[in-house]
Amino acid sequence: MTELQQRLATGKGKFTPLYEELDTGPVSYEDSISPEFFEAEREAVFRRSWLYVGRSERLPRPGTFFTRELNGLASIVVSRRKDGVVNAFHNVCAHRGNKVVWQEHPQEESKGSCREFACKYHGWRYGLDGRVTHVTNEEEFFGLDKDALRMPPVHCEEFAGFIFVNLADDPVPLRTYLGDRLLELEAYPFDKMTQHYGFSAPIRGNWKLAVDSVCEWYHPPYVHARFIDKDIAKAEKMVPPPDSYHYDLFTPHMLTSVPGPPPLPPREPGTAGAAARDQKWVYRLFRAGLFGPDDVPDIGPLPEFLNKGKIKSWGNDQFWLFPNLSVQIWARGFYITYTYWPEAVDKHTYDIDLYFVPPKNAQERLAQELIVDSTIEFAMQDVNTIEATQQGLSTRANRQFHLSDQELLIRKFHKTVRDTVAAHQARDAKES
Ligand code: FES
Ligand SMILES: [Fe+2]
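Worth saying up front: this structure is predicted, and the values here are computed from it rather than measured.

Q: Would you take a moment to explain the overall build of the protein chain for this structure?
A: The number of helices and strands found in the protein chain is 10 helices and 19 strands. When the backbone C-alpha atoms are referred to their principal axes, the protein chain occupies close to 85 × 60 × 35 Å. In the protein chain, which comprises 432 residues, the proportion classed as buried is 50%. Of the contacts formed within the protein chain by residues at least 6 apart in sequence, a portion of 65% connects residues at least 24 apart.

Set out below in structure tokens:
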């Protein structure tokens, strides 16, 4: 036995003990079932963190806009002003509070392009910066200071084409919040990957349980057997062992690097080409699968910030931007964002967005669609387990749970949420 195998086998752990702030004891999941904690988390975490709301490609020209419903928190408009700057404001009319920007249904998000926004109720108008430009029958009002009227601004900053908003009064700048390790993401050519496929699903489970399901590779032989092997004994052997991953925790964010199979060799025109093991024909024909296309687009040299753990057969890096965004950069030249929007203690919306270099032909397009469908199926395989876990936890029949060494990201993530809530409550108590 190597020293590493010994450490893994003796329960001392290899990864968790590297982080002083983490213990190795049992954990509580009260943070995922308590309605009081949910309210506290909304105030401490979601009302005070930088939240990712969309890619800047969604706003290609001045006058383009989209709206976001941040459930229970805010309804916001994000727009590109005439000077090219992206800004955000609450989607609320200064006259009598009507939601200003929507199309067919007020509950639905909308997008488009315009010179001004007009409130559908009494026709007040707003510029692309949210300021009032027109008050209907202005002379009938009493001492109205029109220049001061607006849809209330929301802090909005862009980083590497990712648009973030922050609902706090005076947040730290986005770049400070992200910190050095995440600022390195700027070196990645996200702007080349404009082919977008999106998917959104309502999940009856706490948002953190969904994050947990992407933070470890302990469950795939059971939950994702269809992608690995129906024979569990074989599937267990095929998932790489815990020490083939790389972890890095840089509070409040974190990262894990994951191994993956190399792409298939190029094939002779007119043939199906080699298969990986007993690979399904659909993956072989379209030359793609869960790990991406076999014909990898040329996006230039790999930036140095990726695969810092030097995994030999590297699959992807998963950056966790606290609280609710994961950016996965894949070895085969594409990226995925996962976003989790809490709606209630036992309910959230799960958004998956995949971005590729635009396909040059039908074969590349089909390969991308196969990756999208595989990714969504893989993610949805987790959902029943998330919902079942929520049900199990809610009974409070067990109050203490056990995390292994390779589940350190879960341990860390819940701790960061709990610490953020505790720090906010302590500040609140001091101020009152
Ligand atoms: S509420 Fe918007 S114009 Fe009246
Ligand atoms: Fe999973």
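Having put the structure on the table, let's press on.
Q: Where do I start with unusual backbone geometry in this structure?
A: Among all residues save glycine, negative phi is the norm, and among peptide bonds the norm is trans. Of note, the bond from Thr251 into Pro252 is cis; its omega dihedral lies within 30 degrees of zero at 0°. Counting through the fold element by element, Pro252 comes out in the loop between β12 (246–250) and β13 (253–259). Between Phe322 and Pro323 the backbone carries a cis peptide bond, its omega angle lying at 5°. Here Pro323 lies in the loop between β16 (314–321) and β17 (325–330). Phi is positive for Asn137, close to 50°, though the residue is something other than glycine. Structurally, Asn137 is set in the loop between β8 (132–134) and β9 (153–159).

Q: When you look at empty space enclosed by the protein in this model, what are you seeing that I'm missing?
A: Think of a ball as big as a water molecule: rolled over the atoms, this probe shows where empty space is left. Per the stated rule, a full pass over the model turns up 3 cavities of 30 Å³ or more. Considering only enclosed or pocket space, the largest cavity measures out at about 60 Å³ in volume. If you trace the largest cavity, you find it lined by Phe38, Glu41, Arg42, Phe46, Leu70, Asn71, Leu73, Trp341 and Pro342. Breaking the lining of the largest cavity down by element, the ones donating at least two residues are α2 (35–46) and β18 (334–344).

Q: Honestly, the coordination of the iron ion (ligand 2) in this entry has me stumped. Any pointers?
A: Ideal values differ by geometry: the angle at a metal is 109.5 degrees with four tetrahedral donors, but 90 or 180 degrees with six octahedral donors. Ligation of the iron ion (ligand 2) by protein atoms is provided by His219 (NE2), His224 (NE2), Asp382 (OD) and Asp382 (OD), these donors lying 2.0 to 2.4 Å from the ion. Classification of the site at the iron ion (ligand 2) rests on its 4 donor atoms, whose angles at the metal span 57 to 145°, yielding the label irregular. Read in sequence order, the donor residues for the iron ion (ligand 2) give the motif H-x4-H-x157-D. Note on His219: relative accessible area 12%, which makes it buried. Using a relative accessible area of 0% as the deciding quantity, one classes His224 as buried.

Q: Explain the environment of Glu69 here, please?
A: Along the chain, Glu69 turns up in strand β2 (residues 64–70). It is 9.7 Å that separates the C-alpha atoms of Glu69 and Ser110, two residues lying 41 residues apart in sequence. Glu69 has contacts with Ala74, Ser75, Lys99, Gln107 and Glu109, leaving out every residue within four places of it along the chain. Within polar-contact distance, the side chain of Glu69 engages the side chain of Ser75 at 3.1 Å.

The rules behind the values
- Residues numbered from 1 in each chain as written.
- Chains lettered and ligands numbered in written order.
- Predicted model: local features only at pLDDT ≥ 70, side-chain atom pairs only at ≥ 80, totals over all residues.
- Heavy atoms only, no water.
- Helix = DSSP H or I, 4+ residues; strand = E, 2+ residues; numbered from the N terminus.
- Buried < 20%, exposed > 50% of the residue type's maximum accessible area, 1.4 Å probe, protein only.
- Contact = heavy atoms within 4.5 Å.
- 1 Å grid on protein atoms, 1.4 Å probe; cavity = no way out; pocket = protein on both sides within 12 Å on 5 of 7 lines; lining within 4 Å.
- Points joined across faces, edges and corners; volume = space filled by probe spheres on them.
- Donors = N, O, S within 2.8 Å, 3.2 Å for Na, K, Ca; no water.
- Tetrahedral: all angles 85-135°; square planar, octahedral: opposite > 155°, others 65-115°.
- Polar contact = N/O pair within 3.5 Å; in protein donor to acceptor, adjacent residues only side chain to side chain.

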